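The lines below spell out each chain.
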Amino acid sequence: MPEQTHARYEEVFAEVEAPFAFVDLDAMWANAAAMLGRAAGKPVRVASKSVRCRALLAAILGRDEGFAGLMTFTLPETLWLAERGFEDLLLAYPTADMGALGELALRSVANPEGAPIVMVDCAEHLDAIESVLGAGAAPVRVCIDVDAGWWALGGRLKVGPKRSPVHSVEDAVALAREIERRPQIQLVALMAYEGQIAGVGDRPPGRRLRGAAIRWMQRRSAAELVERRAAIAAAVGEVAELEIVNGGGTGSLELTGAEEAVTEVTAGSGFYAPALFDHYSRFRLTPAAGFALPIVRKPSAGVATALGGGYLASGGGDPSRLPAPWLPQGLRLDPEEGAGEVQTPLLGAAARELSVGDRVYMRHAKAGELCERFDSLHLIENGQIVEQVPTYRGDGKSFL
Ligand SMILES: Cc1ncc(COP(=O)(O)O)c(C=O)c1O
């Protein structure tokens, strides 16, 4: 793989005006291959929220048959992708968008087996779906979202994303039966996403004790989940025929993929390998997405100030959500200003060497959110720009 240096990127992007965003395909395909290896033969569903670029989603799905289907994030997005020829779509988050549900119902009539599958975790979600279905409608296919969190201290400590209320085998079977009572809704899938394992790096920099605590929690949680996910899949499988049992994310592919009850895993962030994914002990990815900012002023010899750059990532508002200075090496953010709306001062040894008109390369903390800041991505391969493709934003779409 070509080296990732400031000099090399400056050569490649010599004709492109900063700010701009890019994806290094050599790195992305190395990450893709590494993730397929970690999934060890389980199909990998691609999380669209972490890519947010139609051209790259299509390229990934076309790259290897190990990548199968998309995990989407809103129903309007799902319908938009379906219209553009994407198939095998699993919407991972529940919707209350009645207009879009109406459209889904029409799509389900036209293509009952191929229409997107939507997520449910309570009777209200089922009511919403039923309310848009006419008498002659084809069944809408649904997936139960099972809480994959880890409960300790008799349930007083709950670790994991606060999503579905469906946690136990009994909860899942009760919802499955509720679905079976409704002839226009068809249960075809289960999903259980263990965010506390897949989405939390277990080697946080400079925090050894916290890292040890995270690794301890993740071992416990994985051991509990392997049993519970299997028990839920078996019990719900008695109520309805399941086509899909989905789990995992970039951070847990080798763990989730090894579970017998799981039919497929999900990955998205690992393609771009944003900064938050630098801190896992189980795998190493290559940074594949970045953005370039121009240096526009030098407040003093040791500070180089870039235009813009305040692209903070969602989540708990701690410094790990800030973008990371990448190239040249030896830059850091100013603790007072961080990354700003109109300017980002950069400190560190490398800042002394930077002049007005130079450019710096940064990485987002998360994956897909970068695409909400730029209309297009410059794709590079083998030391040259091969294409410029629209992001979702460039397609005029900002779903979330
Ligand atoms: C339901 C679900 N599955 C899988 C993932 C993993 O995505 P990624 O590989 O981008 O971390 C996520 C991320 O939040 C998710 O919400």
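Everything quoted here is computed from the prediction, not taken from an experiment.

Quick look at the packing of aromatic side chains now. Counted under the stated rule, the structure contains 23 aromatic pairs. Measuring from ring centre to ring centre gives 6.4 Å for phenylalanine 20 and phenylalanine 22, while their planes differ by 55 degrees; the resulting arrangement is tilted. Consider the rings of phenylalanine 73 and tyrosine 392, whose centres lie 6.3 Å apart with planes at 10 degrees: the pair is stacked. Placement of the pair is phenylalanine 73 in the loop between strand 3 (67-72) and helix 4 (75-83) and tyrosine 392 in the segment after strand 19 (384-390), with a sequence separation of 319 residues. Here phenylalanine 73 and tyrosine 392 have matching classes, each one buried. For arginine 363, the ring lying beneath its charged end belongs to tryptophan 326, and the centroid distance is 5.9 Å.

By secondary structure assignment, the location of valine 360 is in strand 17 (residues 359-363). Valine 360 gets classed as buried once you look at its relative accessible area, which sits at 0%. Apart from the residues lying within four places of it in its own chain, the contact partners of valine 360 are His6, Phe291, Ala292, Leu293, Ile295, Ala306, Leu327, Pro328, Leu331, Leu346 and Leu354.

Read from one edge to the other, the open sheet built from eight strands follows the order 4-3-2-11-10-9-6-5, with strand pairing classed as parallel. Both outer strands of the open sheet, strand 4 (89-91) and strand 5 (118-120), are each paired with one neighbouring strand and no more. Geometrically, the sheet is characterised by an average inter-axis angle of 35 degrees between neighbouring strands, direction not taken into account. In this sheet, strand 11 (residues 264-267) lies alongside strand 10 (residues 244-247) in parallel orientation, the contact comprising two bridges. Directly across from asparagine 246, in strand 11, lies its bridge partner glutamate 264. Along the sheet, helix 6 (residues 123-131) contacts strand 5, strand 6 (140-145) and strand 9 (185-192); its crossing angle with strand 5, the most-contacted strand, is approximately 140 degrees. Sitting on the sheet, helix 9 (residues 208-239) is in contact with strand 9 and strand 10, with an inclination near 170 degrees to strand 9.

What counts and what doesn't
- Residues numbered from 1 in each chain as written.
- Predicted model: local features only at pLDDT ≥ 70, side-chain atom pairs only at ≥ 80, totals over all residues.
- Heavy atoms only, no water.
- Phe/Tyr/Trp six-rings, centres within 6.5 Å; stacked < 30°, edge-to-face > 60°.
- Helix = DSSP H or I, 4+ residues; strand = E, 2+ residues; numbered from the N terminus.
- Buried < 20%, exposed > 50% of the residue type's maximum accessible area, 1.4 Å probe, protein only.
- Lys NZ or Arg CZ within 6 Å of the ring centre and 35° of its normal.
- Contact = heavy atoms within 4.5 Å.
- Pairing = 2+ DSSP bridges.
- Axes fitted to C-alpha atoms, helices over the stretch in contact; angles between N-to-C directions.

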